[in-house]
Amino acid sequence: MPKRITLPPLGEHDDDWLRVWAWLNNRSKSTQAAGIISFRIRERKAEIEKMLEYIAKKRGVSPDELFKSILDGTIDSNNDESVVDEK
């Protein structure tokens with residue numbers, strides 16, 4: 001089963017429109033939001049991959065290594081060093 005993520009609440013305006021859009025599509029708000037996010041990720045995947053390649057090159061690792069570190073939560077996004085210390 002996929003990991004569940006928790007997102008912060010939407011603003012009142014966006015939440016209202018999401019509720020209406022979901023209702024029009026006979027979906028729950030969470031199902032509608034998941035579809036929107038999935039579509040946007042697929043739409044921008046090439047751009048995201050280019051960003052990943054740039055940061056990986058800057059850090060001296062392969063894009064695959066950086067991708068795995070991000071998914072594992074072992075990379076610090078605020079600087080160029082890994083969160084994991086080798087002691």
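Described below are features of the structure shown in this document. Note that the structure is predicted; figures quoted are calculated from it, not measured.

How each quantity is defined
Residues numbered from 1 in each chain as written. Predicted model: local features only at pLDDT ≥ 70, side-chain atom pairs only at ≥ 80, totals over all residues. Heavy atoms only, no water. Helix = DSSP H or I, 4+ residues; strand = E, 2+ residues; numbered from the N terminus. Buried < 20%, exposed > 50% of the residue type's maximum accessible area, 1.4 Å probe, protein only. Contact = heavy atoms within 4.5 Å. Expected span 1.5 Å × (residues − 1). Salt bridge = Lys/Arg side-chain N within 4 Å of Asp/Glu carboxyl O. Axes fitted to C-alpha atoms, helices over the stretch in contact; angles between N-to-C directions. Parallel < 35°, antiparallel > 145°, perpendicular 65-115°, else oblique. Nonpolar A, V, L, I, M, F, W, Y, C, P; charged D, E, K, R; others polar.

**Section: the overall build of the chain**
Okay, step 1: Along the backbone of the chain there are three helices and zero strands.
Okay, step 2: Ordered by position from the N terminus, the helices and strands of the chain form the series α-α-α.
Okay, step 3: Split into buried and exposed, the 87 residues of the chain put 7% on the buried side.
Okay, step 4: The long-range share in the chain, meaning contacts at least 24 apart out of those at least 6 apart in sequence, stands at 3%.

**Points about helix H1 (residues 12–24)**
Okay, step 1: The end-to-end C-alpha distance of H1 is 18 Å, a good match for the 18 Å that 13 residues give at a rise of 1.5 Å each.
Okay, step 2: The positive-phi residue at the C-terminal boundary of H1 is Asn26, with phi of around 55°.

**Remarks on the pattern of salt bridges**
Should their charged atoms come close, side chains of opposite charge can pair.
Okay, step 1: Applying the stated criterion to the full structure yields five salt bridges.
Okay, step 2: Asp15 is the salt-bridge partner of Arg19, the closest N and O atoms lying 4.0 Å from each other. Placement of both Arg19 and Asp15 in helix H1 is noted, with a separation of four residues, approximately one turn of the helix.
Okay, step 3: Note on Arg19: relative accessible area 49%, which makes it partly exposed.
Okay, step 4: When the shortest N-O distance is used, the salt bridge between Lys29 and Asp15 registers 2.6 Å. Taken together, the residues span a long stretch of sequence, with Lys29 in helix H2 (residues 29–59) and Asp15 in helix H1 at a distance of 14 residues.

**Regarding the packing of H2 against helix H3 (residues 63–72)**
Okay, step 1: At their nearest, the axes of H2 and H3 sit 8 Å apart, and the two run at 100° to each other. Looking at the two axes, H2 sits roughly perpendicular to H3. Residue-level contacts link Leu52, Glu53, Ile55 and Ala56 of H2 to Pro63, Leu66, Phe67 and Ile70 of H3.
Okay, step 2: Here the residues of the contact of H2 with H3 are counted per class, giving seven nonpolar, no polar and one charged.

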